[in-house]
Amino acid sequence: MGTRHHEWQATGSADVEAHRDLLVRLVAEMDTRIRNLPPRRDKFTRFHAGFPLIVVVLEEFAGLLRLASTAPVEKGQPKMREQLLALYGRLVSEDTRRACG
């Protein structure tokens, strides 16, 4: 709480949806950065205050998946565990040099 990173954090096990929502935001940010790559460039090389390097730390991800396997979801939505795995897969499947630096 109270750090400059607060809006990019989800902690604890009380709110699995908060973790999912943060991963959704991270994937959206990654997709935006990929779309905005300059022509004939496949990676970002200059980060600054308005365009920071983002480092994602998924601490205790296995435990989060265990909790997510029992989390309720709206009817017709994939199970929370599958949502988390799909978002994680998107993050790690992109070339990190391209998407992040």
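From a predicted model like this one, the values you see are computed outputs, not experimental measurements. (Residues numbered from 1 in each chain as written. Predicted model: local features only at pLDDT ≥ 70, side-chain atom pairs only at ≥ 80, totals over all residues. Heavy atoms only, no water.)

**Concerning the nonpolar core**
Thought 1: Counting residues in each nonpolar core, the largest one holds 15 residues, and the members touching the most others are Val16, Leu23, Leu84 and Leu91.
Thought 2: Contributions of two or more residues to this core are made by α1 (16–35), α2 (61–68) and α3 (80–93).
Thought 3: Those residues in contact with Leu23 that lie beyond four places of it in its chain are Leu58, Leu84, Leu87 and Leu91. (Core = buried A, V, L, I, M, F, W, Y, C linked by side-chain atoms within 4.5 Å. Buried < 20%, exposed > 50% of the residue type's maximum accessible area, 1.4 Å probe, protein only. Helix = DSSP H or I, 4+ residues; strand = E, 2+ residues; numbered from the N terminus. Contact = heavy atoms within 4.5 Å.)

**Brief notes about the confidence of the model for the protein chain**
Thought 1: Averaged over every residue, the pLDDT of the protein chain is 87; residues scoring 70 or more account for 92%.
Thought 2: Across the protein chain, α3 holds the top mean pLDDT of 95, while helix α4 (residues 96–99) sits lowest at 52. (pLDDT = per-residue confidence, 0-100.)

**What about the packing of aromatic side chains?**
Thought 1: Following the criterion strictly, the structure yields two aromatic pairs and no others.
Thought 2: Seen in terms of ring centroids, Phe47 and Phe51 are 5.7 Å apart; in terms of plane orientation they differ by 10°. Their pairing is stacked.
Thought 3: Note on Phe47: relative accessible area 29%, which makes it partly exposed.
Thought 4: Just above the ring of Trp8 sits the side chain of Arg25; from NZ or CZ to the centre is 3.9 Å.
Thought 5: For Arg33, the ring lying beneath its charged end belongs to Phe51, and the centroid distance is 4.1 Å. (Phe/Tyr/Trp six-rings, centres within 6.5 Å; stacked < 30°, edge-to-face > 60°. Lys NZ or Arg CZ within 6 Å of the ring centre and 35° of its normal.)

**Some words on α3**
Thought 1: When the terminal C-alpha atoms of α3 are compared, their 20 Å separation across 14 residues agrees well with the 20 Å that a helix rising 1.5 Å per residue should span.
Thought 2: On its buried face, α3 is in contact with α1 and α2. (Expected span 1.5 Å × (residues − 1).)

**Some points on the packing of α1 against α3**
Thought 1: Remark: α1 packs on α3, axes separated minimally by 10 Å, with the N-to-C direction vectors making an angle of 30°. Considered as vectors, α1 and α3 are oriented roughly parallel to each other. Relative to α3, α1 is oriented so that their crossing is left-handed. Residue-level inspection shows Val16, Glu17, His19, Arg20, Leu23, Val24, Leu26, Val27, Met30 and Asp31 of α1 in contact with α3, the latter providing Met80, Gln83, Leu84, Leu87, Arg90 and Leu91.
Thought 2: For the contact of α1 with α3, the class distribution of residues is 10 nonpolar, two polar and four charged. (Axes fitted to C-alpha atoms, helices over the stretch in contact; angles between N-to-C directions. Parallel < 35°, antiparallel > 145°, perpendicular 65-115°, else oblique. Left-handed = near helix turned anticlockwise from the far one by under 90°. Nonpolar A, V, L, I, M, F, W, Y, C, P; charged D, E, K, R; others polar.)

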